[in-house]
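Fold and contact review
Here is how the chains run, residue by residue.
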Amino acid sequence: MSCFPIHDFNFFNQHNAGAPHSKQAFHRMAQSEFNLDHEISWFVLPSYWAKIIVGLISCMCFANSYDGDFVFDDSEAIINNKDLRAETPLGDLWHHDFWGGKLSSNTSHKSYRPLTVLTFRINYLFAGGFHPVGFHVINIILHCAISVLMVDVFSILLGGLQYSSKGRRLNLAPKASLLAASLFAVHPVHTECVAGIVGRADLLCALFFLLSFLGYCKALRENKEGNHFSILWVLASVLLGAIALLCKEQGITVLGLNAVFDALVINKLNIVELIQKVLRKDKSLENVGLFKKGLLFRITLLLSGGATMLCLRWRIMGTGPPAFTEVDNPASFADSLFVRAINYNYYYSLNAWLLLCPWWLCFDWSMGCIPLIKSVSDWRIIALAALWFCLIALICQALCSQDSHKRRILTLGLGFLIIPFLPASNLFFRVGFVVAERVIYLPSIGYCMLLTYGFSLLSKQTKKKKMLAATVLGILLINVLRCVIRSNQWRSEEQLFRSALSVCPLNAKVHYNVGKNLADKGNQTAAIKYYREAVRLNPKYVHAMNNLGNILKERNELQEAEGLLSLAVQIQPDFAAAWMNLGIVQNSLRRFEEAEQSYWTAIKHRKKYPDCYYNLGRLYADLNRHIDALNAWRNATVLKPEHSLAWNNMIILLDNTGNLAQAEAVGREALELIPNDHSLMFSLANVLGKSQKYKESEALFLKAIKANPNAASYHGNLAVLYHRWGNLDLAKKHYEVSLKLDPAAPGTKENYSLLKRKLEQLQKKGDA
């Protein structure tokens, strides 16, 4: 495959339908001194072919994630988010955070993304439930659309904004824009946004971010006098920026980038020259360009729009910023300003490294994954020194270069790299993470732009242009392969969590998640190993202690379980789940008063806790405090009407105490709410049988057996019903099925023996 440069504008114009061949046929805005494409050995394609190719390769990178599961944060943002369900009023989306909690709550993360949640809700509606395929497909389509848009965005950023006489925007950098868009489309760091469904927030934000930028460019199409701009398009750009903000917080930064683009590209503002004139109080200041072409008016519109968005956003939040914990972002809790500053800068260098070398990727970088730098003797200082050396060098070139083309590209590249990253920088407020690959989706635009410009400089210096082009093509292919591998890891939690063990072996949350995944699959022995490692790495990791205590409780290792759960509630006194589990252990140890106190402490910290009321009811039942037990289970069913175990225990307790009428009423109430629960059918059938309502009892037993045909007790109790009813042949049949399913079924052998003796007696009477 050969690469060939463009040698003149006439050749380029062949690929821009409607563009005249004459140099006088178009008027310009921000014409560069030379065309970037002259220095790049790359493919020249018509715009529509370039977009098709970029769209296809972006789809190819992440297509294998289409049938992945809900993983990691998807559980909280989607499966457990009530805002997705039809019974939740649409208006609630505007008062809830991304996770479905109330924004006014002190525990809310304040992540206000109602439009993203709305798309999840639409996915849920069309899929008819929580089926991940539709969610994943939309994410892949969004990334493809964004990558296609990047061809237009990069053509403006790298080639300048220029229109034909007929008002059609020209692409003066077709090769450079194709290369930059390809680099963006296949960057492996984007995997989290595309393959992880919660990454939809970043994708939607990026989509409207780019549309806002392109809309602003549309506003700046000048007329022959060179002083026209469209207020409507400026306002449309601000509106699109507001929509981006409602998808994710980074969206508001597009207004700053639009302002930078307007000043530097449209008005050719030289920042160094402007500063010099301000310092000298030069009277020719108005000639710098600040007051030309309506720049101040447009900047005022952008500032007003941004200020309005921030005010509304702050008002909707209801309270102050979110409260994060030290494990989420340890540097922000450091007492020393020096330690905070040095670690923040180290985090920036890690983000830069992920852009440069996206090989070591991890779903979570918190919980000790990146130990704090506490001294200048730490060798990692080199990383942030290298970062600032490169940044300062680029900034100096961007500000001081005599080449306006270089100034424009470097300034815009740095702008797209830095400005969208600012909300995640810890400079304005504390964020809830150390490093997050998803937040560099937008900043990667600046990186791809700078990389493409660097490639053009190398191409200019070397004679081996084809070898250089082959190297870039190789980088693209390696990135595609890395994307395919990484998106495959995001298809299931097991693969995702295990992939992180080699990247962040010091991350307690990684070990915790691997352990939780193993426990969910029933492999408790392996889960214990990972939970213990999580606690070793982070001795204050209360969630790991709680889960480990639960497993040890189930294995009857009650003393160690109690120790872990007691430590967990000591570290975090409001940890309701740990208090409840501690109560269960104390109940098993027959320390009933302590267990009761633990249950009530859990309820104190979590008022609506149906599972805790259920366990409290079991404690009261063990103590023969039947009224208290019934009240506790009733509270559980009020808080959670589908709490089958609480309903069942109420029916059984009332049955055992001879309150058959009340037991029947409770059973019917439960089946109204949970009509397909076979255990409730079984319990109510027992009550009806004792009340001699044989026909109705039989119908419920048969329905329960149809739902769960391998339950020996269902067949055994139906046999008892037939036995009482006098249907001895049917009784014999179901006794035999019950014994086949469970030969040691209690009472069934004795009942079957009694039935056989009765049948033998009847047979003898018949023979006589």
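Residues numbered from 1 in each chain as written. Predicted model: local features only at pLDDT ≥ 70, side-chain atom pairs only at ≥ 80, totals over all residues. Heavy atoms only, no water.

**Some thoughts on the UniProt feature "repeat: TPR" (unreviewed entry) in the chain**
Stated formally: UniProt positions are given in the numbering used here, feature names are shortened, and annotations may be inferred rather than shown by experiment. For helices the rule is a DSSP run of H or I covering at least 4 residues; for strands it is a run of E covering at least 2, with both sets numbered from the N terminus onward.
Per the UniProt record, "repeat: TPR" (unreviewed entry) is found at residues 508-541, 542-575, 610-643 and 712-745. Each end of residues 508-541 is marked by a C-alpha atom, and these two atoms are 8 Å apart; helix forms 79% of the span and strand 0%. Here residues 712-745 is 82% helix and 0% strand, with 7 Å between the C-alpha atoms at its ends.

**Observations concerning a nonpolar patch on the surface**
Selection rule: Like charges are joined within 9 Å and nonpolar side chains (Val, Leu, Ile, Met, Phe, Trp, Tyr) within 5 Å, but only among residues with over 30% relative accessible area and no salt bridge; these make up the patches. Surface accessibility in these figures is a Shrake-Rupley result with a 1.4 Å probe; residues are shielded only by whichever protein chains are displayed. One speaks of a salt bridge when a side-chain nitrogen belonging to Lys or Arg is within 4 Å of a carboxyl oxygen belonging to Asp or Glu.
A cluster of nonpolar side chains, contributed by Y66, V133, V137, I138 and I141, occupies part of the molecular surface with about 390 Å² of accessible area. Take V133: it is sitting in helix α5 (residues 132-159).

**Describing the confidence of the model for the chain**
Quick reminder of the rule: Per residue, pLDDT measures the predictor's confidence, with a range of 0 to 100. Should any heavy atoms of two residues lie within 4.5 Å, those residues are considered in contact.
Looking at the chain, the pLDDT average stands at 87 and 90% of residues meet or exceed 70. Per-residue pLDDT stays below 50 along residues 1-33; that stretch engages in 73 contacts with residues further than four places along the chain or on separate chains.

**What about helix α4 (residues 114-127)?**
Formally: Expected helix span is given by 1.5 Å per residue-to-residue step, counting one fewer step than there are residues. Burial classes: relative accessible area under 20% of the type maximum marks a residue as buried, over 50% as exposed, and values in between as partly exposed (1.4 Å probe, protein chains only).
Counted at 1.5 Å a residue, the expected span for α4 with its 14 residues is 20 Å, and the 20 Å between its end C-alpha atoms agrees. Looking only at α4, the buried set comprises P114, L115, T116, V117, F120, R121 and N123. Summarising the contacts, the buried residues of α4 are in contact with α3 (74-79), α5, α8 (200-219) and α9 (231-247). One or two steps after α4, the chain reaches G128, where phi turns positive at roughly 70°.

**A word on the state of the cysteines**
Put simply, the rule is: Put simply, a disulfide is two cysteine sulfurs that come within 2.5 Å.
Evaluation of the coordinates by the stated rule reveals 1 disulfide. Paired through a disulfide, C369 and C504 show a sulfur-sulfur distance of 1.9 Å. Between C369 and C504 the disulfide shows an S-S torsion of about -45°. By sign, it is left-handed. One end of the pair, C369, is in the loop between α13 (337-356) and α14 (381-400); the other, C504, is in the loop between α18 (493-503) and α19 (508-520), with 135 residues separating them in the sequence. Residues C369 and C504 agree in their burial class; the two are buried. For the unlinked cysteine C390, the closest cysteine sulfur is that of C396, found at 12 Å. Its relative accessible area of 45% is what places C390 among the partly exposed residues.

**Here's the deal with the packing of aromatic side chains**
Keep this limit in mind: Only the six-membered ring of Trp is used, alongside the rings of Phe and Tyr, when aromatic pairs are assigned; centres must lie within 6.5 Å, and planes under 30 degrees apart are stacked while those over 60 apart are edge-to-face, with the rest tilted. In this scheme, Lys NZ or Arg CZ marks a charge over a ring once it lies within 6 Å of the ring centre and within 35 degrees of the ring normal.
Within this structure, the stated rule accounts for 23 aromatic pairs. Ring centres of Y124 and F130 lie 4.6 Å apart, and the angle between their planes is 50°; on these two criteria the pair is classed as tilted. The interplanar angle of 90° and the centroid separation of 6.3 Å between the aromatic rings of W600 and Y613 together place this pair among those described as edge-to-face. You can see W600 sitting in helix α24 (residues 592-605) and its partner Y613 sitting in helix α25 (residues 610-622), a full 13 residues away along the chain. On the basis of relative accessibility, which here comes to 40%, the residue W600 falls in the partly exposed class. Site record: aromatic cluster; members linked through ring pairs are F70, F98, W99, F120, Y124, F130 and F135. In this arrangement the basic side chain of R113 is found over the ring face of F98, its NZ or CZ atom lying 4.9 Å from the centre. Lying across the ring of F333, R430 places its NZ or CZ 3.9 Å from the centre.

**Considerations on the packing of helix α15 (residues 404-418) against helix α16 (residues 443-461)**
For clarity, the cut-off: Here, axes are lines fitted to C-alpha atoms. For helices the fit covers the stretch in contact, and angles between N-to-C directions go from 0 to 180 degrees. Any angle between 65 and 115 degrees counts as roughly perpendicular, while under 35 counts as roughly parallel, over 145 as roughly antiparallel, and the rest as oblique. By definition, any crossing whose near helix is turned counterclockwise from its far helix by less than a right angle is left-handed, and any crossing with a clockwise turn is right-handed. Lys, Arg, Asp and Glu make up the charged group, whereas Ala, Val, Leu, Ile, Met, Phe, Trp, Tyr, Cys and Pro make up the nonpolar group; the residues left over, Gly among them, are polar.
Here α15 crosses α16 at 150°, and the two axes come no closer than 6 Å. Taken together, the axes of α15 and α16 lie roughly antiparallel to each other. Judged by the twist between their axes, the crossing of α15 over α16 is left-handed. Residues H405, K406, I409, L410, L412, G413, L414, F416 and L417 of α15 touch α16, and the partners they reach there are P443, I445, G446, Y447, M449, L450 and Y453. Classifying every residue of the contact of α15 with α16 by side-chain character gives 12 nonpolar, 3 polar and 1 charged.

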